[in-house]
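# What the coordinates show
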There are 2 protein chains.
Amino acid sequence: MATDLEIARATPLRPIAEIAARAGIPDAALIPYGRHKAKVDLDFVRAAEARAGGGALVLVTGINPTAAGEGKTTTTIGLGDALNALGTRAMICLREPSLGPCFGTKGGATGGGRAQVAPMEEINLHFTGDFHAITSANNLLAAMADNHLYWGNGLGLDPRRITWRRAMDMNDRNLRSMVVGLGGAAQGVPREDGFDITVASEVMAIFCLARDLADLQARLGRIIVGHRRDGTPVTARDLKADGAMAALLRDAFAPNLVQTLEGSPALIHGGPFANIAHGCNSVVATRLGLRLAEVVVTEAGFGADLGAEKFLHIKCRAAGLAPAACVVVATVRALKLNGGAAKAELAREDLAALARGIPNLARHVENMGKFGLPVIVALNRFASDTEAEIAAVREAMARLGVEAVLCTHWADGAAGALDLARAVNAAIAAGTARYAPLYPEAMPLADKLRTIAREIYRAAEVQIPPAVAARLARWEEQGFGRLPVCVAKTQYSFSADPALLGAPEGHVLPVREVRLSAGAGFVVAICGDIMTMPGLPKRPAAEQIGLDAEGRIVGLF
Amino acid sequence: MATDLEIARATPLRPIAEIAARAGIPDAALIPYGRHKAKVDLDFVRAAEARAGGGALVLVTGINPTAAGEGKTTTTIGLGDALNALGTRAMICLREPSLGPCFGTKGGATGGGRAQVAPMEEINLHFTGDFHAITSANNLLAAMADNHLYWGNGLGLDPRRITWRRAMDMNDRNLRSMVVGLGGAAQGVPREDGFDITVASEVMAIFCLARDLADLQARLGRIIVGHRRDGTPVTARDLKADGAMAALLRDAFAPNLVQTLEGSPALIHGGPFANIAHGCNSVVATRLGLRLAEVVVTEAGFGADLGAEKFLHIKCRAAGLAPAACVVVATVRALKLNGGAAKAELAREDLAALARGIPNLARHVENMGKFGLPVIVALNRFASDTEAEIAAVREAMARLGVEAVLCTHWADGAAGALDLARAVNAAIAAGTARYAPLYPEAMPLADKLRTIAREIYRAAEVQIPPAVAARLARWEEQGFGRLPVCVAKTQYSFSADPALLGAPEGHVLPVREVRLSAGAGFVVAICGDIMTMPGLPKRPAAEQIGLDAEGRIVGLF
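As the structure is a computational prediction, the values presented were derived from the model and not from experiment. (Residues numbered from 1 in each chain as written. Chains lettered and ligands numbered in written order. Predicted model: local features only at pLDDT ≥ 70, side-chain atom pairs only at ≥ 80, totals over all residues. Heavy atoms only, no water.)

Counting its regular elements, chain A contains 19 helices and 26 strands. Here the C-alpha radius of gyration of chain A, 23 Å, is about what a compact globule of 557 residues would show, namely 24 Å. Looking at chain A as a whole, 64% of its 557 residues are labelled buried. Taking the contacts inside chain A whose residues are at least 6 apart along the sequence as the reference set, 75% of them involve residues at least 24 apart. Just so you have it, chain A exposes about 18200 Å², and 54% of that area is on carbon and sulfur atoms. Taking the 58 positively charged and 56 negatively charged side chains of chain A as two groups, their mean positions are separated by 3 Å. (Helix = DSSP H or I, 4+ residues; strand = E, 2+ residues; numbered from the N terminus. Rg over C-alpha atoms; globule rule 2.2 N^0.38 Å. Buried < 20%, exposed > 50% of the residue type's maximum accessible area, 1.4 Å probe, protein only. Contact = heavy atoms within 4.5 Å. Areas by Shrake-Rupley, 256 points an atom, 1.4 Å probe, with all protein chains shown as cover. Lys, Arg positive; Asp, Glu negative; His and termini not counted. Charge placed at Lys NZ, Arg CZ, Asp CG, Glu CD.)

So, in structure tokens, the structure goes:
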């Protein structure tokens, strides 16, 4: 079987200017990066913003992820291709892949099979350099903070209370926790520190939520770097770092345009983690897409309990967006895994395991309905799925009044997602969407958290330690009470326990810690153990990656 | 007075394809990065390599740098522009600026006044992402080494003997020395570590010395990451990191083409430090330039004692290059500073200080002659220079049989360097260059060091501690004896003491430490204190950098 990279390479790509022209972006607004990648000039983006009208926004989300893979990105691409094949002008809006995980186990994040964005290896590695710019901006702020300590600490920053960490786009567990500034008075100020992977940086979240450059710089300035002994915050603006950070991000802030293997336009821009941050592509790209296309298809990270909830509560609110429909992706294999089947046994029909896994899908479907969205289930078909298994999923969904559409875009490209595209078009045309967040901005922070836990996770209780409650109360006093809450928890379960599969009820959500992302504009509630710097596995994928005799990249999956 | 950024912005740039076409690079060989930057496809580079013939190589170097600035990059650009104005097809080959120092005091590295390469702010910030790729490759190797320790350390690497450091393109003194891997068994392996600025990384030196992608990967594989308890080395190849590192560097390895404000083509590619590394732009770019142009003008870092010596002993030998002429840049102001004048007094005529400073220039001129190169002195004129001062420099040079040519390209562009260009053309046409290194490859490592110290620095003695001598002997046994020596010492003096200005004699060169850069292919001899990670000043330039209302970068100098 051909690898994704082989399939992508065998497909001739069109000049990016041709893709852009069909999407309504004139040549003069393109900043080319090679022949098949381009940034869209911010002047054009601004002018497009000012236009009236706009397309329909479709969110692609999924069940809780399993080791089997569900194909959320692949479905987002396949649906976009199929819409275009039907004559509906569609724009695909994705997150940029993180470089680090490419060298671990995960591989690329550009779809797969016949539903890919290209050039695959360039998008997965450095792409147009956006994440490097974000890393630089993050680390400039860290360097300026430590430099401020070194030169006398006029702002009175407490070295023990600096919460701003450094960032690197690499899976490097040895940088999680460190003591820096060693070597004597000329070498710095010793203190505890650590690195997060770039996608977990608040700069990434800000980059994705900012409406324009002025908003970007204002948000950067609001970043809290640490606190004084008296508990008052010191911001990036106090350190005069916000201007240089914005300058570092300026070029990156223009959205990136590429194409799918079938020639659909795709804006790939920004890519925050969906656990510690909100996990959606940039507001700038999504809003541009809506001005250009009839339908924008976008995805949110992890399962609908994390990614979609944050998309709907954080991104949509920040960007003034109202989705027209929601697609929840599942596979028979992943549902069986979720129902307790062994990974090695997935090719065998197992209606019992499937029946135990389906409630996970059903609850995500139900949850999306609570936001006022029409829901369609995309069932990515594998060769091993039996008719009885497929029928079981369809019937369960029919009982919820939801259609489960079989998809084969991985193998067949657009042709494999035409039914899904028709269902999506029908949902948009019906105009039944009544998007509404589950909590108002004015609700106290702890109650926002309780609302999410009750309505989405179906937890019986939220455990908020007194110290956490006190922090939340202080932030409300300081004027941060209207911010949304961004839950950081495991992606594998509705609960904070990764082993609790299916559709658990009555569980307890333990809030370990809260952090204020004043620049991004949300309060992070950390529930359970959350990793902000991944490690490499025993046999990293990097060992297989290299160049062939023609200088082409091999071994990247 | 207009700033460099204002001058650059006021000058309309031509499409990069037009610059490329005039330089002999067809459109099909261009990989655009925006409208005014492009990479030259490596297939075209390979085909050009195979052609016969080639232009003349001219090295621009300088006196020992002072706080006054001498204008080496500016002269390289002005000379290239003037050659083109005279009808000699010239290519300018420069190093890429490092991002970190832009936020400190140094500012950009794209020339100045009317002798600049553009777009200035893009080249100075992320440019085409090459340094980010180098940072990533450096840090992937570090992550894989620590990951190897974490998973059982099958190669037996001694955690106390890991010499491979991490890299960041940032002035961040707090990362010079640290303890990483803290937090318990699941978080890594505690050990001492530190970050160097990216330009000081061996990956940068390898990038600049590699002939092609295969050579690049082979050199990366030879990098020594650390040693076992028994003293045997562990390489990047042993860790299977070389392939993925090469994949990360592949796109970056294609040379970058930009233009000067007067429309001359310039290849800007690679940029290693001239103290810890060899300080020259990439071999790939220089060799491409020589295939395309009649004259290639290139520069080497710092003064001729450091940059030019390494250019001639390391780069020329590795790349099979033989320069046709050498330009040594000086200013009356810098010579007066070198002669002990106070910085605030430089505008006043001071023939005594000048007379004390001129021997510094004279010795560099003499040294370049030892390599068999015809030498021309470029005297960058300032408004405050008096006729008597200029005459003093000219007469001193005339006594050495060398012409000192007055230049005003900073103010006047090409027109200000026509005399210099004519002198260079005459030197090339005379064909008197007989390039020869000062030591043969077969000479023992310690003797190579003694040769440089005697012939270039005019030291009376080289102090080599017994432990250093033993290491050199061991490397010779291991087959590294034929490598050149790369001296790391202060750039401010011929000696290892930055306060010893002028043309000192009889001093002692103390070798503190030696390091084997097996991938880059040289032995670094560290003499005195050498900084591989700079810090930020009390008032970093970053505080002034920002975006204006139109989203343009301001405050970058």
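This part is about the sheet that holds strand β23 (residues 513-517) of chain B. Residue and element names in this part refer to chain B. Read from one edge of the open sheet, three strands run β21-β24-β23, paired in mixed fashion. At either end of the open sheet lies a strand with only one pairing partner, and these are β21 (485-488) and β23. Ignoring which end each strand starts from, the neighbouring axes of this sheet average 25° apart. In this sheet, strand β24 (residues 522-526) lies alongside β23 in antiparallel orientation, the contact comprising five bridges. Bridge assignment links R515 to a residue of β24, and that residue is V524. Running at roughly 20° to β23, helix α19 (residues 466-477) makes contact with β23 and β24 of the sheet. (Pairing = 2+ DSSP bridges. Axes fitted to C-alpha atoms, helices over the stretch in contact; angles between N-to-C directions.)

The next subject is unusual backbone geometry. All names here are of chain A. With an omega dihedral of 0°, the bond running from A118 to P119 counts as a cis peptide bond. Note that P119 resides in the loop between β6 (115-118) and α6 (120-124). Although it is not a glycine, F302 sits at a positive phi angle of roughly 55°. You can see F302 is positioned in the loop between β16 (295-299) and α12 (304-319).

Quick look at the state of the cysteines now. In protein chemistry, a disulfide is the covalent bond that joins the sulfur atoms of two cysteines. All names here are of chain B. For the structure on display, the rule yields zero disulfides over all chains. C208 forms no disulfide, and the closest cysteine sulfur to it belongs to C280, at a distance of 8.1 Å. Its relative accessible area of 0% is what places C208 among the buried residues. The structure places no disulfide on C407, whose sulfur is separated from the nearest cysteine sulfur, that of C326, by 14 Å. (Disulfide = S-S within 2.5 Å.)

This part covers helix α17 (residues 418-430) of chain A. All names here are of chain A. When the terminal C-alpha atoms of α17 are compared, their 18 Å separation across 13 residues agrees well with the 18 Å that a helix rising 1.5 Å per residue should span. Taken together, the buried positions of α17 are L420, A421, A423, V424 and A427. For α17, the arc enclosing every buried residue in end-on projection is 160°, short of the 170-degree limit, so these residues lie on one face. Those residues of α17 that are exposed and angled more than 90 degrees off the buried face are A429 and A430. One or two residues past the end of α17 sits G431, with phi positive at roughly 65°. (Expected span 1.5 Å × (residues − 1). Arc of directions from axis to C-beta.)

Superposing chain A onto chain B takes a rotation of 180° plus a shift of 0.0 Å along the axis, which leaves an RMSD of 0.0 Å. The transformation just described matches what one would write down for a two-fold rotation axis. Nearest to the rotation axis, the C-alpha of Y33 of chain A is located 2.2 Å from it, this being the minimum over chain A. Taken together, the interface assignments show that 100% of the residues at the interface of chain A recur at the interface of chain B, consistent with an identical surface on both copies. (Least-squares fit on C-alpha atoms with pLDDT ≥ 70 in both.)

If you look at the biggest cluster of nonpolar residues, it comprises 342 residues, and the most contacted ones within it are F103, L361 and M397 of chain A together with F103, L361 and M397 of chain B. In this structure M397 of chain A touches I358, L361, A362, V365, V377, V402 and A404 of chain A, once residues within four positions along its chain are discounted. (Core = buried A, V, L, I, M, F, W, Y, C linked by side-chain atoms within 4.5 Å.)

Before going further, it helps to spend a moment on the packing of helix α7 (residues 130-150) of chain A against helix α8 (residues 202-209) of chain A. All names here are of chain A. Put simply, α7 and α8 touch, their axes get as near as 9 Å, and they point 125° apart. Taken together, the axes of α7 and α8 are oblique relative to one another. The chirality of how α7 crosses α8 is right-handed. Counting all contacts with α7, which are made through F131, I134, A137 and N138, the residues of α8 involved are V203, M204 and F207. Class assignment of the residues belonging to the contact of α7 with α8 gives a composition of six nonpolar, one polar and no charged. (Parallel < 35°, antiparallel > 145°, perpendicular 65-115°, else oblique. Left-handed = near helix turned anticlockwise from the far one by under 90°. Nonpolar A, V, L, I, M, F, W, Y, C, P; charged D, E, K, R; others polar.)

On to the pattern of salt bridges. Inspection of the entire model under this criterion finds 64 salt bridges over all chains. The salt bridge involving R166 of chain A is made with D193 of chain A; its shortest N-O contact spans 2.5 Å. Pair noted here: R166 of chain A is in strand β8 (residues 166-168) and D193 of chain A is in strand β10 (residues 191-193), with a separation of 27 residues, a long-range link. The exposure class of R166 of chain A is buried, given its relative accessible area of 1%. The class of D193 of chain A is buried, set by a relative accessible area of 6%. In this structure, D305 of chain A and K489 of chain A form a salt bridge, with 2.7 Å as the shortest nitrogen-oxygen distance. Here K489 of chain A lies in the loop between β21 (485-488) and β22 (507-510) and D305 of chain A lies in helix α12, a separation of 184 residues in the sequence. K489 of chain A carries the same exposure label as D305 of chain A, and that label is buried. If you follow the salt bridges from partner to partner, you end up with D146, R166, R191 and D193 of chain A together with D172 of chain B in one network. (Salt bridge = Lys/Arg side-chain N within 4 Å of Asp/Glu carboxyl O.)

This next bit is on the environment of R317 of chain B. All names here are of chain B. Relative to the helices and strands, R317 is located in helix α12 (residues 304-319). With a relative accessible area of 22%, R317 lands in the partly exposed category. Between the C-alpha atom of R317 and that of A436, which follows or precedes it by 119 residues, the distance is 9.7 Å. Those residues in contact with R317, other than ones at most four positions away along the chain, are L312, Y435, P437, Y439, P440 and E441.

This next bit is on the environment of R165 of chain A. Residues and elements named next belong to chain A. Mapped onto the fold, R165 is located in the loop between β7 (157-162) and β8. The partly exposed category is assigned to R165, whose relative accessible area is 27%. Considering only alpha carbons, one finds R165 and G194, 29 residues apart in sequence, at a separation of 5.7 Å. In this structure, R165 is in contact with N138, R176, D193, G194, F195, D196 and T532, ignoring residues within four places of it in sequence. At 3.1 Å, the side chain of R165 and the backbone oxygen of R176 are in polar contact. Within the structure, the side chain of R165 is placed 2.9 Å from the side chain of D196, a separation counted as a polar contact. (Polar contact = N/O pair within 3.5 Å; in protein donor to acceptor, adjacent residues only side chain to side chain.)

Turning next to the packing of aromatic side chains. Tallied over the entire structure, the rule returns six aromatic pairs over all chains. Consider the rings of Y150 of chain A and W151 of chain A, whose centres lie 5.2 Å apart with planes at 85°: the pair is edge-to-face. Taking the ring centre of Y457 of chain A as reference, the NZ or CZ of K489 of chain A above it sits at 4.9 Å. The side chain of R363 of chain B reaches across the aromatic face of F494 of chain B, ending 5.1 Å from its centre. (Phe/Tyr/Trp six-rings, centres within 6.5 Å; stacked < 30°, edge-to-face > 60°. Lys NZ or Arg CZ within 6 Å of the ring centre and 35° of its normal.)

This paragraph deals with the domain arrangement of chain A. Residue and element names in this part refer to chain A. The domain architecture assigned to chain A consists of domain 1 (4-129 + 252-430), domain 2 (131-249) and domain 3 (445-527). On a C-alpha basis, the centroid separation for the pair domain 2 and domain 3 is 25 Å. With eight residues of domain 2 at the interface, the matching set in domain 3 holds seven residues. Between domain 2 and domain 3 lies a buried interface of about 650 Å² when both sides are counted; carbon and sulfur atoms form 54% of it. If you sort the residues of domain 2 by the area they bury against domain 3, E202, R222 and I224 come out on top, with a joint share of 50%. Here domain 2 and domain 3 share zero salt bridges between them. Among the secondary structure elements, those contributing two or more residues to the side of domain 2 that touches domain 3 are α8 and α9 (213-222). Here the element with the most residues in the side of domain 2 that touches domain 3 is α8; it accounts for four residues. (Domains from an automatic or database assignment. Buried area = accessible area lost by both parts, 1.4 Å probe.)

Here the focus is the interface of chain A and chain B. Listed per partner, the contact involves 71 residues of chain A and 71 residues of chain B. Together chain A and chain B conceal approximately 5800 Å² of surface at their shared face, both sides included; 60% is due to carbon and sulfur atoms. Sorting the residues of chain A by area buried against chain B places R173, N174 and R250 of chain A first, and these three jointly supply 11% of that buried surface. Inspection of the chain A/chain B interface yields two salt bridges.

Let's shift gears to the side chain of T61 of chain B. Within the secondary structure layout, T61 of chain B lies in strand β3 (residues 56-62). Setting aside anything within four residues of it in sequence, one finds T61 of chain B in contact with K72, F302, G303, A304, A308, C326, V327, V328, V329 and M368 of chain B.

Let us now look at the UniProt feature "binding site: ATP" (unreviewed entry) in chain A. All names here are of chain A. Here the UniProt-annotated "binding site: ATP" (unreviewed entry) positions come out as T66, A67, A68, G69, E70, G71, K72 and T73. Tracing the sequence through the fold places A68 in the loop between β3 (56-62) and α4 (72-85). On the basis of relative accessible area, A68 is assigned to the buried category, the value being 18%. Beyond its immediate sequence surroundings of up to four residues, A68 is in contact with R333, A334, L337 and L346. Locating K72 in the fold gives a position in helix α4. If we ignore the near neighbours within four places in the chain, the residues touching K72 are V60, T61, G62, E299, A300, G301, F302 and V329. (UniProt positions renumbered as here; feature names shortened; annotations may be inferred.)

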